[in-house]
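Given next are the chains, with one letter for each unit.
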Amino acid sequence: MLKIVQTKPYLDQKMGTAGIRKKSRIVMQENYIENFVQSIFNAIGGVAGQTFVLGGDGRFYNKIAIQKILKIAAANGMAKMIVGQNGYISTPASSCVLLKNKAQGGLVLSASHNPGGIDGDFGIKYATASGGQCSTAISDKIYENTKNITSYKIWDAPDVDLSQIGVQKLGNMEIEVIDPVVDYVQMMEKIFDFAAIKKLFADGFTFVFDAMNAVTGPYAKKIFEEILGADEGSVINAVPLEDFGGLHPDPNLIYASSLVRLMYSPSAPDFGAANDGDGDRNMILGRSFFVTPSDNIAILTDNYRYIPAYKSGIYGVAKSAATSTAVGRVAAALGIGYYEVPTGWKYFCNLMDSHRITFCGEESFGAGSSHIREKDGIWAVLFWLNIIAATGKSVEQITREHWLKYGRSYYVRHDYEGIDIEKANRLMADLEAKLPELAGKTFGSFTVSKAEPFVYNDPVDGSSTKNGLIVYFTDKSRIVYRLSGTGTNGATLRVYLERFDDKCFDEDVMQFLKELADVSRQIAEITERTAKEKPDVIT
Ligand code: G16
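Here the structure is a predicted model, which means the values were calculated and not measured. (Residues numbered from 1 in each chain as written. Predicted model: local features only at pLDDT ≥ 70, side-chain atom pairs only at ≥ 80, totals over all residues. Heavy atoms only, no water.)

Q: Tell me about the pairing of strand β6 (residues 121-128), residues and numbers included.
A: Burial of β6 is extensive: eight of the eight residues sit out of reach of the surface. With burial as the criterion, each face of β6 is covered, one bearing Asp121, Gly123, Lys125 and Ala127 and the other bearing Phe122, Ile124, Tyr126 and Thr128. Pairing between strand β2 (residues 20-23) and β6: four bridges, direction antiparallel. Of the residues in β6, the one forming a bridge with Arg21 is Gly123. Pairing of strand β5 (residues 105-109) with β6, which is carried by five bridges, proceeds in the antiparallel orientation. In the sheet register, Gly105 faces β6, and the bridge partner there is Thr128. (Buried < 20%, exposed > 50% of the residue type's maximum accessible area, 1.4 Å probe, protein only. Helix = DSSP H or I, 4+ residues; strand = E, 2+ residues; numbered from the N terminus. Pairing = 2+ DSSP bridges.)

Q: Kindly report on the environment of Val455, identifying the contributing residues and their values.
A: Position of Val455 among the secondary structure elements: in strand β21 (residues 446-457). Along the chain, Val455 and Tyr410 lie 45 residues apart, while their C-alpha atoms are 24 Å from each other. In this structure Val455 touches Ser464, Thr465 and Lys466, once residues within four positions along its chain are discounted. (Contact = heavy atoms within 4.5 Å.)

Q: Before we move on, can you summarise the sheet that holds strand β15 (residues 316-320) with the specific residues and values?
A: Strand order in the open sheet formed by four strands is β16-β15-β17-β18, and the pairing between neighbours is mixed. Here the strands that pair on one side only, and so sit at the sheet edges, are β16 (338-341) and β18 (366-369). In this sheet, neighbouring strand axes are inclined to one another by 15 degrees on average, regardless of whether the strands run parallel or antiparallel. For β15 and β16, the ladder comprises four bridges, and the chain directions are parallel. Residue pairing across strands places Ser320 opposite Val341, the latter belonging to β16. Set on the sheet, helix α13 (residues 377-391) makes contact with β17 (357-362) and β18; between it and β18 the angle comes to about 80 degrees. (Axes fitted to C-alpha atoms, helices over the stretch in contact; angles between N-to-C directions.)

Q: A description of helix α4 (residues 91-100) should follow, citing residues and the corresponding values.
A: With respect to burial, α4 is a largely interior element, eight of its 10 residues being buried. Among the residues of α4, those classed as buried are Thr91, Pro92, Ala93, Ser94, Ser95, Cys96, Val97 and Leu98. If you check the start of α4, you find a side-chain oxygen 3.1 Å away from the backbone N of Ala93, and it comes from Ser90. A positive phi of about 50 degrees marks Lys102, the residue just after α4. (Polar contact = N/O pair within 3.5 Å; in protein donor to acceptor, adjacent residues only side chain to side chain.)

Q: Please give an account of the pattern of salt bridges that cites residues and values.
A: Note on pairing: side chains with opposite charge can pair once their charged atoms come close. A full pass over the atoms with the stated rule returns 42 salt bridges. We note a salt bridge from Asp203 to Lys199, for which the minimum N-O separation is 2.8 Å. We classify Lys199 as exposed; its relative accessible area is 52%. As a salt-bridge pair, Lys222 and Glu226 come within 3.1 Å of each other at their nearest N and O atoms. A residue pair is termed a helical-turn pair when its members lie 3 or 4 positions apart in one helix, as Lys222 and Glu226 do in helix α8 (residues 217-227) at four residues. Residue class for Lys222 comes out partly exposed when judged on its relative accessible area of 32%. Judged by its relative accessible area of 57%, Glu226 is exposed. One network of salt bridges, in which partners are shared, links Lys125, Asp278, Asp280 and Lys375. (Salt bridge = Lys/Arg side-chain N within 4 Å of Asp/Glu carboxyl O.)

Q: Give me the lowdown on the sheet that holds strand β13 (residues 282-286), citing residues and values where you can.
A: Judged by pairing direction, the sheet is mixed, and its five strands sit side by side in the order β11-β10-β12-β13-β14 without closing on themselves. Unpaired on one side and paired on the other, β11 (235-236) and β14 (289-291) mark the two borders of the sheet. By the bridge criterion, five bridges tie strand β12 (residues 271-275) to β13 in an arrangement that is antiparallel. Paired with Ala273 across the two strands is Ile284, which belongs to β13. In the packing of α13 onto the sheet, contacts are made with β10 (207-210), β12, β13 and β14, and the angle to β12 comes to roughly 165 degrees.

Q: Kindly report on the packing of helix α10 (residues 293-302) against α13, identifying the contributing residues and their values.
A: Look at α10 against α13: their axes get within 11 Å of each other, and the N-to-C directions meet at 50 degrees. The orientation of α10 with respect to α13, classified from their angle, is oblique. Note on packing geometry: the crossing formed by α10 with α13 is left-handed. Residues Asn296, Ile299 and Leu300 of α10 pack against Trp379, Phe383, Trp384 and Ile387 of α13. Tallied by class, the residues present in the contact of α10 with α13 amount to six nonpolar, one polar and no charged. (Parallel < 35°, antiparallel > 145°, perpendicular 65-115°, else oblique. Left-handed = near helix turned anticlockwise from the far one by under 90°. Nonpolar A, V, L, I, M, F, W, Y, C, P; charged D, E, K, R; others polar.)

Q: Can you explain the packing of aromatic side chains? Please cite residues and give values.
A: Going through the model one piece at a time under the given rule, you end up with 24 aromatic pairs. Ring centres of Phe201 and Phe205 lie 6.0 Å apart, and the angle between their planes is 65 degrees; on these two criteria the pair is classed as edge-to-face. Taking the centre distance of 5.7 Å and the plane angle of 65 degrees together, the rings of Phe359 and Phe383 count as edge-to-face. Linking Phe359 in strand β17 with Phe383 in helix α13, this pair joins segments that are 24 residues apart in sequence. Through successive ring pairs, a cluster of aromatic residues spans Phe201, Phe205, Phe207, Phe209, Phe224 and Phe271. Sitting over the face of the ring of Tyr410, Arg408 holds its NZ or CZ atom 4.0 Å from the ring centroid. Against the face of Tyr472 rests Lys450, its NZ or CZ located 4.7 Å from the ring centre. (Phe/Tyr/Trp six-rings, centres within 6.5 Å; stacked < 30°, edge-to-face > 60°. Lys NZ or Arg CZ within 6 Å of the ring centre and 35° of its normal.)

Structure below.
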């Protein structure tokens, strides 16, 4: 039965870099989810007769939020909701299913790499028919709606059983429960040389994939162990848990620490990888060797010819402005288009739709291609395995040969977390105001060549976005400053440090970037303004 429920707006439902991200307890407030989802539907002119895809990374509150969304969708006249079995779907699989079924939209319930649980985080990402997250113009409209909402529609019915694959009805809406792993696997089989990777494993290649107790466990088990023949048990932390078993499902050197310890131990396998909560981020490791995400996208791009789906040629490549310039050197050598966009995968989508790019990547452990409109963790792992199978080289060899050919961008990101939001905004505003005076000034051994805000003019829709401040130095070093759009606790200032070297590739990264790190604090007066003498997290 259709019910109309009166409600009061929440004023904090503005989307950040990727959808809405909040503490779980905030999302659990009365009508919080209902308001947000109804506002999406209102802002896009209703969903009557449409098909959507729905699922999440299995974190705490996933199950409850899914039931609410199904009932709101049915009450708003949606024709069909395609739902991942038990409410699970990875972000890349959601984009895949959405595109395959030509659905009009998709909702992924995830706070990505943020921890889960009642004291953790929850989030919702909204994708449009393009398969990618909605543009800022649409999210602004949704935000306006959330501030004025007075009622929502909901179908008053018992909860739906999502444990069995098949079709059922909720009011007039059809619910199709699917196994999203099936579609995703089919897509990967079309892109990569599975036979060559199978042979690699059959010949004794050793491998570990850490699913971090999050959504990619079942995908990874199916692909790497069952289909490709990696040893049973190669996929670790493979069962999705509501609180990720207490893990912080962020695949980096800090939070994937047990994998990192293994990869730097004498018993390390040939290859190690991890994915994040919703399966769109990846980390790649060789034996005692870490590939930075910025090098990752550069190396994948340079080796596109080994991959069946790309071997006849690729369009261009793009990266976020904060990501190192390594892939730019590859694009120049290959003679393909090269774009820098603001942080946020959604900014790549127009470039992919218009065939300007095939690949894109970000420093935040994201890489992907135009096969979908999200970054894709398992895709990146398969890409590496395919290169290794084709060349017979190790992760370290491939990376070192890359540096020899193109030089090396030493790169690190400093995060200053939990800063008072007003203080952080003031720091950025004051820094921006003084950028014009920085050119020509010297800080230690670094001289500023140019300093300016990063402004992106989208060549497809003409929109203009300002995101972050960049200080360039005469020796090709760069410092990028920006505030994170995915945190849930005050503001996080991200400082991205890059220093280029084309002679020696064996410097200690922290040591090589130490002076630049000091300069970054000096220029932005970080310690004076935040009382932080060093970053809280270094990745
Ligand atoms: C999201 C976006 C990425 C972005 C990342 C970090 O990833 O899709 O494009 O790089 O957030 O954003 P920020 O620096 O603003 O915190 P995910 O994996 O969290 O959905």
